[in-house]
There are 2 protein chains.
Amino acid sequence: MEILNKLGSLNTHRKHIYGSHSFLETQDLINLSQPLFTLRKKNTLAHQGKPFQGLYVVQCGTLKQIIQHENKKELISHFFLPGDIIGLDAIGEGNYCGTISTIETSGLYHIPFRTIDELPISHSSHMQLLRCLSRAIYLEHSRMWQMISQPSDVRLACFFIMMSCKFSALGYSPHCFRLAMSRKEIADYLCMAIETLSRLVSRFQQQGILSAHGHEYCLLNPTALAAIAERKK
Amino acid sequence: MEILNKLGSLNTHRKHIYGSHSFLETQDLINLSQPLFTLRKKNTLAHQGKPFQGLYVVQCGTLKQIIQHENKKELISHFFLPGDIIGLDAIGEGNYCGTISTIETSGLYHIPFRTIDELPISHSSHMQLLRCLSRAIYLEHSRMWQMISQPSDVRLACFFIMMSCKFSALGYSPHCFRLAMSRKEIADYLCMAIETLSRLVSRFQQQGILSAHGHEYCLLNPTALAAIAERKK
DNA sequence: CGAAAATTTGACGTGATTCAAACGCAGTGG
DNA sequence: CCACTGCGTTTGAATCACGTCAAATTTTCG
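For clarity, every value in this text was computed on a predicted model and none was experimentally measured.

## Some thoughts on the overall build of chain A
- Broken down by element type, chain A carries six helices and 11 strands.
- Counting every position in chain A, which comprises 233 residues, the buried fraction comes to 57%.
- For chain A, the proportion of contacts with a sequence separation of at least 24, taken over those separated by at least 6, is 74%.
- Put simply, chain A shows about 9800 Å² of open surface, and 52% of that area lies on carbon and sulfur atoms.

## Digging into the sheet that holds strand 4 (residues 63-68) of chain A
Residues and elements named next belong to chain A.
- Overall, antiparallel pairing links the four strands, which are arranged 2-7-4-5 in an open sheet. Only two strands of the sheet have a single neighbouring strand rather than two, namely strand 2 (44-46) and strand 5 (74-80). Recorded for the sheet is a direction-independent mean angle of 30 degrees between the axes of neighbouring strands.
- Here strand 4 runs beside strand 5; their pairing, made up of six bridges, is antiparallel. Bridging from a neighbouring strand, I66 pairs with I76 of strand 5.

## Focus: the protein's contact with DNA strand C
- Lining the immediate environment of DNA strand C, one finds 16 residues, of which A:R183, A:R199, A:S202, B:S152 and B:T196 sit closest.
- Close to the protein, within 4 Å, the atoms of DNA strand C are drawn from sugar and phosphate at a rate of 60%.
- A:S202 is positioned with one of its side-chain polar atoms (N or O) 2.5 Å from a phosphate oxygen of DNA strand C.
- At 2.7 Å, a backbone N or O of B:S152 approaches a phosphate oxygen of DNA strand C.
- Contributing elements (two or more residues each) for the surface near DNA strand C: helix 4 (183-189) and helix 5 (194-206) of chain A together with helix 5 (194-206) of chain B.
- With four residues, helix 5 of chain A is the single largest residue contributor to the surface near DNA strand C.

## Thoughts on the side chain of B:H141
- Its location among the elements puts B:H141 in helix 2 (residues 123-149).
- A distance of 3.3 Å separates a polar atom in the side chain of B:H141 from a polar atom in the side chain of A:E140.
- Residue contacts for B:H141: discarding those within four places in its chain leaves A:I67, A:H69, A:L75, A:S77 and A:E140.

What counts and how
Residues numbered from 1 in each chain as written. Chains lettered and ligands numbered in written order. Predicted model: local features only at pLDDT ≥ 70, side-chain atom pairs only at ≥ 80, totals over all residues. Heavy atoms only, no water. Helix = DSSP H or I, 4+ residues; strand = E, 2+ residues; numbered from the N terminus. Buried < 20%, exposed > 50% of the residue type's maximum accessible area, 1.4 Å probe, protein only. Contact = heavy atoms within 4.5 Å. Areas by Shrake-Rupley, 256 points an atom, 1.4 Å probe, with all protein chains shown as cover. Pairing = 2+ DSSP bridges. Axes fitted to C-alpha atoms, helices over the stretch in contact; angles between N-to-C directions. Near = heavy atom within 4 Å. Polar contact = N/O pair within 3.5 Å; in protein donor to acceptor, adjacent residues only side chain to side chain.

Pasting the structure below:
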């Protein structure tokens, strides 16, 4: 069965790259999977360095991937939302390169396999998978570039726009949505201090760009938000 | 012919990760290549976004890969030294994701192919290539982490140590070597301003850690250098 | 309800960028 | 041979964005 034939058809011209791993048309993958299972919030799906056990597709909920480097400062490499695929960056190495855990109770499909050989896909699909990983290198690089050379307000604006696009694609309102992640998690993802994030959210609210109450966010002025996100240095 | 069978045997425990692309035992690749050719300094080997034309193996000289993002601030993603392979990150996408040009006159082997299908390697080698690309994702991430959360002196110390290892592996002195790249290029690679780099080099010299005359560098106190590189925040 | 955790806000310190000027060095032409 | 020019590098001073520290406030959840 050709599960990867639509690989690469998505996200080819994404503007605000934050490298979420929804490279495939996930329905095909789900057909291969075990029954849906749920994982309560703050549970760990996979530990960094542990052997690869297969991919997961998010059906509902939110997860995060933390890559621990030597010292304890942790960096969140990805958030996973419904439709996203978890574990693509672990296929090759054979180990999960980060710890993946739920932020809220989530529903997941598991596509179990240890090595890529066990996945019933054709030669051409392997090529597509290869292409997919190669693209991920570039996405990582883009993210690095953004984190290094873009000021914090631009990074945050891009983040909100990305989330807006996500929710829009999922059929939800692009303007009002609930983010399961805490401020600290968003800050870690955006490589800034919690306090900086908090100040930025306050500033955006004062400017009437958005409103934030707890985990609920409303984009009141998407144009202004986009202007901040696109601001050249 | 099995050119990728030693894939992944190198660089598995590299400490100071700056992601140079020497993943393969290059001699196998060279056997597949066109005759050696030379490219004068400041010439471009491949342009960002142009179609993939094949891999290159550096025989001698130095090259750099620049990835241009929207605004003009350029980021050097890689330096290529003898033994390194150029273009691995372009295989999948089919386009070069950065502009690759010579810093000094360089000798190169060209392994021409357009798509991975044209490379005469086995299924298991494809797996290895896949593993290789997957690892590159992690390397990119590690570099991001270092650039973001390590202070500039640590980054520079790591850079010198990496270069020292490189030259050592090539059979040259690990303590005294000539770097073809300019200060500006090193600064771009390490994501800092030229002035910051210049100040750091001055400081290291005052501390007796190294001496720098033009493009010639001597590591006078590798222990002290390593202490800076390993310093936790 | 009450303790613990998360968030906000202010004051302050600092590493690194930016601006500016001076310096050294190589190549060119008078 | 020396002035002239352009380029890379160095150095100092000023500035800024962001992180850190600390205290206040709100939210969460048993």
